[in-house]
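# A closer look at the structure
Here is how the chains run, residue by residue.
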Amino acid sequence: MRHQLYINGAFVEPVGGVYLDVIDPACEEVFAQAAAASAADVDAAVAAARHAFDHGPWPRMAAGQRAAVLRHVASAIRQDQQALAQLELRDNGKPLKEALWDVSDAAFCFDFYADMAEQIEAEGEAAVDVGDARFACRVRKEPLGVVGAITPWNFPLLMAAWKVAPALAAGCSVVLKPSELCPLSCGELARYLHAAGLPAGVFNLITGTGPEAGAPLAAHPGVDKLAFTGSQATGSKIMAEAARDIRKVSLELGGKSPFIIFADADLDQAVQWIQFGIFWNQGQVCSATSRVLVQRPLYAALVARLKAAAEAITIGRGDEDSVQMGPLVSAAQHAKVMGAIAAGVQGGARLVTGGERPAHLSRGYFLQPTVFTDVPTDHVLWREEVFGPVVGINAFDDEAEAIALANDSRYGLAGAVMSADLERCDRVARALRAGVVWINCSQPTFTQLPWGGYKASGIGRELGRHGIEAFMEIKQITSFVSDEPWGWYPDKAKPA
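This text gives an overview of the structure that appears in the document. This structure is a prediction, so every number in the text was calculated from the model and none was measured.

The strands that make up a sheet are held in pairs by hydrogen bonds between backbone atoms, and each pair lies either parallel or antiparallel. Pairing in this open sheet of 3 strands is mixed, and the strands run S1-S5-S4 from one edge to the other. The open sheet is flanked by strand S1 (2-3) and strand S4 (19-24), the only strands paired with a single partner. Direction of pairing for S4 relative to strand S5 (residues 29-35): antiparallel, over a ladder of 6 bridges. Note that in S5 the partner of Asp-21 across the bridge is Gln-33. Contacting S4 and S5, helix H3 (residues 81-92) runs over the sheet at an angle of about 95° to S4.

Counted under the stated rule, the structure contains 32 salt bridges. Each member of the salt-bridge network shares a partner with another, and the members are Glu-125, Arg-138, Arg-140, Glu-142 and Lys-475.

On to the sheet that holds strand S7 (residues 135-143). Spatial ordering of the open sheet is given by S6-S7-S23, a layout of 3 strands whose pairing is antiparallel. Each edge of the open sheet carries a strand with a single partner, namely strand S6 (126-128) and strand S23 (472-480). Sheet twist, expressed as the mean angle between neighbouring strand axes with direction ignored, is 25°. Note that S7 and S23 share 9 bridges and pair antiparallel. Residue pairing for S23: Ala-136 is matched across the bridge by Ser-479.

Moving on: the pairing of strand S11 (residues 225-229). Counting buried residues in S11 gives 5 out of 5 residues, a clear majority hidden from the surface. Where burial is concerned, the two faces of S11 agree: the one with Lys-225, Ala-227 and Thr-229 and the one with Leu-226 and Phe-228 are both buried. With 4 bridges joining them, strand S8 (residues 146-150) and S11 adopt parallel strand pairing. Each residue of the ladder has a partner; that of Ala-149, found in S11, is Ala-227. In this region the chain leaves S11, passes through helix H8 (residues 232-245) and returns to the parallel neighbour strand S12 (residues 248-252); the handedness of that crossover is right-handed.

Before going further, it helps to spend a moment on the packing of helix H4 (residues 96-123) against helix H5 (residues 156-170). For any two helices packed against each other, one specifies the inter-axial angle together with the distance between the axes. For the pair H4 and H5, interaxial distance at closest approach is 9 Å and the crossing angle is 10°. Relative to H5, H4 is oriented roughly parallel. Counting all contacts with H4, which are made through Asp-102, Val-103, Asp-105, Ala-106, Cys-109, Phe-110, Tyr-113 and Ala-117, the residues of H5 involved are Leu-157, Leu-158, Ala-161, Trp-162, Val-164, Ala-165, Pro-166 and Ala-169. Here the contact of H4 with H5 is built from residues that sort into 14 nonpolar, no polar and 2 charged.

Ranked by internal contacts, the top residues of the largest apolar core, which has 106 residues, are Phe-110, Tyr-113, Phe-203, Ile-261, Leu-302 and Ile-393. If one sorts the elements of this core by residue count, H4 sits on top with 14 residues. Each residue touching Phe-203, except ones within four places of it in the same chain, is listed here: Tyr-6, Val-164, Val-174, Leu-176, Ala-190, Leu-193 and Leu-198. Grouped together as the second largest cluster of nonpolar side chains are 26 residues, Ala-35, Val-42, Ala-213 and Leu-217 included.

Each value, and the rule that gives it
- Residues numbered from 1 in each chain as written.
- Predicted model: local features only at pLDDT ≥ 70, side-chain atom pairs only at ≥ 80, totals over all residues.
- Heavy atoms only, no water.
- Pairing = 2+ DSSP bridges.
- Helix = DSSP H or I, 4+ residues; strand = E, 2+ residues; numbered from the N terminus.
- Contact = heavy atoms within 4.5 Å.
- Axes fitted to C-alpha atoms, helices over the stretch in contact; angles between N-to-C directions.
- Salt bridge = Lys/Arg side-chain N within 4 Å of Asp/Glu carboxyl O.
- Buried < 20%, exposed > 50% of the residue type's maximum accessible area, 1.4 Å probe, protein only.
- Right-handed = clockwise from strand over helix to strand, strands pointing away.
- Parallel < 35°, antiparallel > 145°, perpendicular 65-115°, else oblique.
- Nonpolar A, V, L, I, M, F, W, Y, C, P; charged D, E, K, R; others polar.
- Core = buried A, V, L, I, M, F, W, Y, C linked by side-chain atoms within 4.5 Å.

Structural data, given as structure tokens:
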């Protein structure tokens with residue numbers, strides 16, 4: 001089946017007539033094709049979005065009208081939850097249970113920002129007392145403009161929802177460019193928005209590669225803001241493009257998140273949360289807690305327990321009921337992760353378990369959950385994002401050492417701490433240089449809370465109220481309301 005672009009309210013062929021194969025990572029077979037957009041398609045999409053924002057009704061609608069469209073989309077996603085999850089499973093490879101979670105979260109995201117749009121409008125313009133009765137001052141929030149949203153392949157529909165829902169709720173128009181590896185659920189999102197009665201040009205879908213579609217979108221002068229989730233290298237290029245015209249950016253660039261486990265932690269709970277923190281979604285998670293720091297008295301027992309637990313994980317195609325881990329997303333990603341594992345072995349880290357293709361799976365981009373210990377802290381395996389089911393574990397002696405090791409990173413997206421001492425957990429949480437910190441858990445994510453990181457992990461925040469305000473401009477309006485003449489030099493402001 002061929003999936004088209006969605007531009008100016010219509011599904012259309014790409015200008016060049018080129019389509020890309022979409023591959024099922026569990027069997028390495030082509031099961032669909034998606035349009036490969038070019039710079040000409042990007043121009044058309046941005047022009048449509050520009051006209052819709054500058055001249056169309058969407059940014060001028062009451063929030064309740066925009067909210068109705070978003071709620072229609074949320075309802076459609078829920079109605080098609082099973083079909084969408086199966087599509088994500090086949091496109092991305094993740095287990096069905098995880099795909100169902102993602103689809104449910106995407107629906108909630110649209111509902112949440114429908115509510116948030118109405119709430120912000122109800123709050124109205126904020127009056128500000130400046131201490132001078134001759135002036136009436138207020139602050140208002142307005143939609144920012146045309147948004148270029150570029151999203152990754154690890155959570156295809158959900159990451160699109162994180163950007164599209166708040167941008168539309170704010171009154172912006174959007175050009176969405178999903179990853180070429182997993183574009184299909186975003187095509188369904190375009191159908192839902194179309195059916196909901198969204199005005200033409202307010203949402204546009206451009207599928208294709210980074211160089212052919214993503215780069216022209218990032219460089220396009222008609223885009224007011226670029227919202228990107230992906231690698232630091234690509235984020236840096238996008239930021240450079242935005243700098244040429246002083247356009248706004250928000251960047252979520254992943255990390256190398258630490259998980260500090262103290263000796264008084266419950267061993268079973270620690271092992272379960274470590275697994276969820278690194279093996280969920282095959283480790284293809286920007287916030288994955290891939291650096292585990294364990295206090296020395298618990299270290300040996302935890303490593304032994306984690307080894308046994310990792311080796312018990314069921315690996316296979318995501319639609320099999322017992323499967324806990326599916327394949328990696330692509331041949332290139334599989335090769336990249338295998339390269340990181342080989343570098344870890346060569347660099348002196350101890351491979352405890354995993355690191356190979358499961359013996360019972362001859363096809364598909366499968367990989368065993370992989371555990372390293374004694375990882376040199378200057379090694380790439382400890383310092384850089386692997387984006388696969390690979391965890392490194394090192395020991396520490398005291399709280400100060402754990403915090404120092406955890407913060408010794410150019411990233412700062414997330415972190416976690418586990419201990420029976422909740423006061424210590426709170427101290428450590430405050431000390432970690434990260435935008436998201438979990439106590440006695442790892443990875444729970446809520447639409448109501450801000451998401452984003454410190455340092456090289458990005459700029460700005462998504463989700464929560466921050467998520468919609470990121471797509472708004474703030475305007476000051478000041479009125480002279482006095483009956484007294486102003487004069488060129490009022491008494492209080494005469495020059496000396």
